[in-house]
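Survey of secondary and tertiary structure
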Amino acid sequence: MGLRDLTRTAADTYIKTVKWPLDRAARVIGRGKGSGSTTPEILVDRADAKARAAVGSVTGDQELKSQARRRSAAADERERAAKLRGEASKRKAQVEENAAETEAKAEERRREAATREKKRKQQADKQRKDIEQKADKAAARRKAEAANAKQTVDTLNAQKEKKERSAVLAEKEEALEQRDDALTASDEAQRLAAAASRAKAERKA
């Protein structure tokens, strides 16, 4: 193993030794920030890449420089992925918020529609009851008018019958009077005839 390999191994061991507690702290911080938040870990990875690049530049170790580039590129990818996850999480949260708002508005519209329907039914019931009451009153009025009209007709008929009976009675009374007068005249004529006969008989005697 050459000096460069020893230097690389030593640098790698040192960087890992320094990085290990930082990695643990970054993971804890990352978990505390929620899913998709890897910024502390990315910073540690970038520091690792910079350290390897610095040692590689000092020692001229191309492998360390290559490792630095790969780790830096990986950190960039992780950062882009974290940003995409963050954006996706924001979009999801926005979609959920919009859905909740839409559902709340829909529920409000349903309540308003139910209120309008209830008022419409109440108004329809009131109108129906008003119409029924008016119809009942009109029927009662027509019935009363018919009863009054019948009573009037009955009264007129009774008066007419009374007048007709009175007229018939008057005619009967008049006929009776005429008969009595005729009988009286006949009796008087018979009496006069009898008297005349007696007078004639007396004269002859």
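The numbering scheme is per chain: residues are counted from 1 as the chain's sequence reads. Thresholds applied to this predicted model are a pLDDT of at least 70 for local features of residues and 80 or more for the giving and counting of side-chain atom pairs; totals over whole chains, interfaces and linings are not thresholded and use all residues. The side-chain values count all of the structure's non-hydrogen atoms but skip hydrogen atoms and water molecules.

Points about the overall build of the protein
The helix and strand labels rest on DSSP assignments: H or I over at least four residues marks a helix, E over at least two residues marks a strand, and numbering proceeds from the N terminus. What the protein contains, in helices and strands, is 3 helices and 0 strands. In sequence order, the protein lays out its α and β elements as α-α-α. Within the protein, the proportion of its 205 residues that are buried is 13%. Whether two residues are in contact is decided by their heavy atoms, any of which lying within 4.5 Å being enough. Within the protein, residue pairs in contact and separated by at least 24 positions form 58% of the contacts whose partners lie at least 6 positions apart. All accessible areas in this document rest on Shrake-Rupley with a 1.4 Å probe, and a residue is counted as covered only by the protein chains that are shown. Carbon together with sulfur atoms contributes 56% to the accessible area of the protein, which is approximately 16,300 Å² in total. Whether a residue is buried, partly exposed or exposed follows from its accessible area with a 1.4 Å probe, protein chains only, as a fraction of its type maximum: under 20%, in between, or over 50%, in that order.

Let's talk about the pattern of salt bridges
Whenever a carboxyl oxygen of Asp or Glu lies within 4 Å of a side-chain nitrogen of Lys or Arg, that contact is scored as a salt bridge. Across all of its chains, the model carries 11 salt bridges by this definition. Between E117 and R120 there is a salt bridge whose closest N-O contact spans 2.6 Å. Of this pair, E117 and R120 both sit in helix α3 (residues 62-204), 3 residues apart, roughly one helical turn. On the accessibility criterion, R120 (45% relative accessible area) is partly exposed. Between R128 and E132 there is a salt bridge, with the nearest N and O atoms lying 3.2 Å from each other. On the criterion of helical spacing, the pair formed by R128 and E132 is a turn pair, its members being 4 residues apart in helix α3. Residue class for R128 comes out partly exposed when judged on its relative accessible area of 39%. Linked by salt bridges that have partners in common, E103, E107, E108, R110 and R111 make up one network.

Overview of α3
For α3, built from 143 residues, the straight-helix expectation of 213 Å at 1.5 Å per residue is met to within 8% by its first-to-last C-alpha distance of 208 Å. Within α3, the full set of buried residues consists of L64, S66, Q67, A68, A75, A82, A106 and A138. To estimate how far a helix should extend, the number of its residues minus one is multiplied by 1.5 Å.

Digging into a negative patch on the surface
In this scheme, patches are assembled from residues that exceed 30% relative accessible area and form no salt bridge. Like charges are connected within 9 Å, while nonpolar side chains (Val, Leu, Ile, Met, Phe, Trp, Tyr) are connected within 5 Å. Positive charges are assigned to Lys and Arg, negative charges to Asp and Glu, while His and the chain termini are left out of the count. Taken as the charge location is NZ of Lys, CZ of Arg, CG of Asp or CD of Glu. Together, E171, E173, E174, E177, D180 and D181 line one region of the surface with negative charge. By the secondary structure assignment, D181 is in helix α3.

Regarding the environment of A51
Examined against the element boundaries, A51 turns out to sit in helix α2 (residues 39-59). Taking the C-alpha atoms as reference points, A51 and L64, 13 residues apart in sequence, are found 9.3 Å from one another.

Remarks on the confidence of the model for the protein
When the pLDDT values of the protein are averaged, the result is 78; 80% of them are 70 or greater. The pLDDT score gives, residue by residue, the confidence of the prediction method on a 0 to 100 scale. The spread of mean pLDDT over the elements of the protein runs between helix α1 (residues 3-33), the lowest at 50, and α3, the highest at 86. A low-confidence stretch, residues 31-37 (pLDDT under 50), is modelled with 4 contacts involving residues beyond four sequence positions or located in other chains.

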